[in-house]
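A structural walkthrough
Chain by chain, the residues run as shown.
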Amino acid sequence: MEQLVTSPDNPAPAWSRTPHQPLHPEEQSAAGTSRRTRRALAVTALLAAGALALSACGGDAEAGGHDAKNGQAGADAAAKKDSSDAKIKVSSKDGATDASINDTGVTVTGGKLTDVKLTVADSGAPVAGAISADKTSWKPGVQLERGTKYKITANAKDAKGRSATENATFSTVSSANSFIGTYTPDNGKTVGVGMPVSFNFDKVISNKKDVQSHIKVTSSSGQQVVGHWFGAQRLDFRPQDYWKAGSKVTMKIDLDGVKGGEGITGVQSKTVSFTIGRSQVSTVDMNTQHMTIKRDGKTFKDIPISGGSPDHPTYNGQMVISEKFEQTRMDGSTVGFGGEYDIKDVPHAMRLSSSGTFIHGNYWGASSVFGNSGTSHGCVGLRDQKGGGGDTPGKWFFNESLVGDVVIVKNSHDQTVKPDNGLNGWNLSWSEWQAGSAV
């Protein structure tokens, strides 16, 4: 669970302050008195020293002061000349309040890291990490928590064995001041040719151009890929036509540090890739109550179906399978149908819209309805058995389908499904899709 750290730091005691830290008024008063006393003693000592110098060497007091100044300058120069060649850089600046949770690290030039210690500031809990094989960099072994204060100490030595140290205290960007995008599909998946890349952001994005430009989606097929915004929190990517079967799609997310709007910064940095499987596009004709499945452009199978009834027709349009369930509950009250139905064991269900359209097995309907009449509340039903067993059209289609496969419905008396109702942006023309891009 991410946690916003709000505990203020206690003021540092006077003896530990750096030269940049002001004293409190009462400390200034005491310090002033102390300085006056020290100055008086110093003058007395200097006069005494001057008298001795005058009698011994014939010089004056100013000469002694000038030599002391030059002596200190010389000592400073010598110390600088003999300092370590190792230069340590901590990626998160000291005092930062919006540090990255992904890219915090340490690098060194002119030397080698000897040890790095990163701790949670409030608890002192250590954060595991590792120095690289060549000892020139260090990274934590885990992603840092959002809204957390950390302390880091890095040590290094140069070729002459001279030491260098760098300290920093910083806070990572908070949950309130950061945004993330949940996306589909996941890394390593094999999906159908209709699968878009879809981001849903947890905050309203007003700086759409910068956010979109830091998400790059490319395909090994060479197809042009364009983003399209649905409102201020959803961004989808797709090519003009369905993905080429067998191609590999790569999504590079480089949102870490990107401003999404007033007071919010991105924290994600990763590369995701997925594979496009064989092409399967199925067309449901509500006039015939049949579905024709095409595999790689060739007719593969024909299945009788029972679509939406005249009172509850099925959406027209191109719909993409976004989820698959071996068995699920379908409750009419969740999609505006009151208590008209509540079936707790619907087999072989695949989601086509976020509003509740599925293509699924149907074991409760008479066999005669399939291929003849629409009887559902808007779904596409396939003959099946209770429990999902047996050799049925419902089971076959489920097993032969991938998330990302396309199901097209035509000749229904309903409207075309909205492009943002599920992963159904294919219902926009290419010019309409491009018009929704911010870059």
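Since this is a predicted model, take the numbers as computed values, not measurements. (Residues numbered from 1 in each chain as written. Predicted model: local features only at pLDDT ≥ 70, side-chain atom pairs only at ≥ 80, totals over all residues. Heavy atoms only, no water.)

Re the overall build of the chain
Here is the rule we go by: Helix numbers and strand numbers start at the N terminus; a helix is a DSSP run of H or I with at least 4 residues, a strand a run of E with at least 2. Buried means the residue's accessible area, taken with a 1.4 Å probe over protein chains only, is under 20% of the maximum for its type, while exposed means over 50%, and partly exposed covers the values in between. What makes two residues a contact is simply this: any of their non-hydrogen atoms within 4.5 Å. Only the protein chains shown count as cover for residues, and all accessible areas are computed by the Shrake-Rupley method using a 1.4 Å probe.
Along its length, the chain carries five helices and 28 strands. Counting the 439 residues in the chain, one finds 40% classified as buried. Within the chain, contacts between residues separated by at least 24 positions form 64% of all contacts whose residues are at least 6 apart in sequence. Total accessible area on the chain stands at roughly 23200 Å², and carbon and sulfur atoms take up 51% of it.

A few points about the nonpolar core
Going by this rule: In this description, a nonpolar core means a group of buried Ala, Val, Leu, Ile, Met, Phe, Trp, Tyr and Cys residues linked to one another through side-chain atoms lying within 4.5 Å.
Counting 31 residues, the largest nonpolar core has Phe199, Phe201, Val211, Ile215, Val217, Phe237 and Met251 as its most contacted members. If you list the elements that add at least two residues to this core, you get strand 12 (197-201), strand 13 (215-219), strand 15 (234-238), strand 16 (248-254) and strand 19 (269-276). With sequence-adjacent residues up to four places away left out, valine 217 is seen in contact with Val197, Val225, Phe237, Trp243, Val249, Thr250 and Met251. Of all hydrophobic cores here, the second largest spans 23 residues; its members include Ile88, Ile152, Val173 and Val267.

A short note on the environment of serine 306
Assignment of secondary structure puts serine 306 in the loop between strand 22 (298-304) and strand 23 (317-320). The exposure class assigned to serine 306 is buried, which follows from its relative accessible area of 1%. Between the C-alpha atoms of serine 306 and threonine 288, which are 18 residues apart in sequence, the distance is 9.7 Å. Beyond its immediate stretch of four places on either side in the chain, serine 306 contacts Gln289, Val369, Phe370, Ser373, Gly374, Thr375, Ser376, Cys379, Val380 and Gly381.

With respect to the sheet that holds strand 17 (residues 259-261)
Test applied: Pairs of strands are assigned from DSSP output, requiring at least two bridges between the strands.
With mixed pairing, three strands are arranged side by side in an open sheet as 9-18-17. At either end of the open sheet lies a strand with only one pairing partner, and these are strand 9 (178-179) and strand 17.

What to know about the environment of asparagine 167
For clarity, the cut-off: What qualifies as a polar contact is a pair of N or O atoms within 3.5 Å, subject to a donor-acceptor requirement within protein and to the restriction that residues adjacent in sequence count only when both atoms come from side chains.
Mapped onto the secondary structure, asparagine 167 falls in strand 8 (residues 163-171). Linking asparagine 167 and isoleucine 88, residues 79 residues apart in sequence, is a C-alpha distance of 9.6 Å. Not counting chain neighbours up to four residues away, the residues in contact with asparagine 167 comprise Ile152 and Thr153. Here the side chain of asparagine 167 touches threonine 153 through a polar contact of 2.6 Å, side chain to side chain.

A short note on the sheet that holds strand 20 (residues 280-285)
Strand pairing in a sheet relies on backbone hydrogen bonds, with the paired strands running either antiparallel or parallel. Here is the rule: Lines are fitted to the C-alpha atoms to define the axes, a helix being fitted only along its stretch in contact, and any angle between axes, read from their N-to-C directions, falls within 0 to 180 degrees.
Ordered in space as 22-21-20-28-23, the five strands form an open sheet in which the pairing is mixed. Looking at strand neighbours, the two that pair on one side only are strand 22 and strand 23, the edges of this open sheet. The average angle at which neighbouring strand axes cross in this sheet is 20°, direction not considered. Sheet topology places strand 21 (residues 290-295) next to strand 22; six bridges connect them, and they run antiparallel. In the sheet register, isoleucine 293 faces strand 22, and the bridge partner there is lysine 301.

Describing unusual backbone geometry
Omega for the peptide link from threonine 184 to proline 185 comes to 5°, which places this bond in the cis form. Turning to its location among the elements, proline 185 is positioned in the loop between strand 10 (181-184) and strand 11 (190-191). A positive phi angle, near 60°, is found at lysine 135, a position not held by glycine. You can see lysine 135 is positioned in the loop between strand 5 (129-131) and strand 6 (137-140).

Observations concerning the confidence of the model for the chain
Convention followed: You can read pLDDT as the predictor saying how much it trusts each residue, on a scale of 0 to 100.
Taken as a whole, the chain shows an average pLDDT of 85; of its residues, 81% reach a score of 70 or greater. Predicted confidence is poor over residues 1-65, with pLDDT under 50, and the contacts of this stretch with residues over four places away or in other chains come to 29 contacts.

Topic: the pattern of salt bridges
Which entries qualify depends on this criterion: Basic side-chain nitrogens of Lys or Arg form a salt bridge, by our definition, when they fall within 4 Å of a carboxyl oxygen of Asp or Glu.
Applying the stated criterion across every chain yields a total of 12 salt bridges. Across the pair aspartate 236 and arginine 234 runs a salt bridge whose closest N-O atoms are separated by 2.7 Å. With a relative accessible area of 1%, aspartate 236 lands in the buried category. On the basis of relative accessibility, which here comes to 11%, the residue arginine 234 falls in the buried class.

Here we look at the packing of aromatic side chains
Both the distance between ring centres and the angle between the ring planes are used here to describe each pair of aromatic rings. Inclusion rule: Geometry of aromatic contacts follows a simple scheme: Phe, Tyr and Trp rings, the Trp one being its six-membered ring, pair when their centres are within 6.5 Å, and the pair is stacked under 30 degrees between planes, edge-to-face over 60, tilted otherwise.
Applying the stated criterion across every chain yields a total of 11 aromatic pairs. Measuring from ring centre to ring centre gives 5.6 Å for tyrosine 183 and phenylalanine 199, while their planes differ by 45°; the resulting arrangement is tilted. One end of the pair, tyrosine 183, is in strand 10; the other, phenylalanine 199, is in strand 12, and 16 residues separate them in sequence. Just as tyrosine 183 is buried, phenylalanine 199 falls in that class too. With a centroid separation of 5.0 Å and an interplanar angle of 90°, the aromatic rings of tyrosine 363 and tryptophan 364 are classed as edge-to-face. Residue class for tryptophan 364 comes out partly exposed when judged on its relative accessible area of 38%.

Observations concerning the side chain of threonine 328
Mapped onto the secondary structure, threonine 328 falls in strand 24 (residues 323-331). Exposure remark for threonine 328: the relative accessible area of 18% places this residue in the buried category. What threonine 328 contacts, discounting residues up to four positions off in sequence, is Ile343, Lys344, Asp345, Val346 and Ala349.

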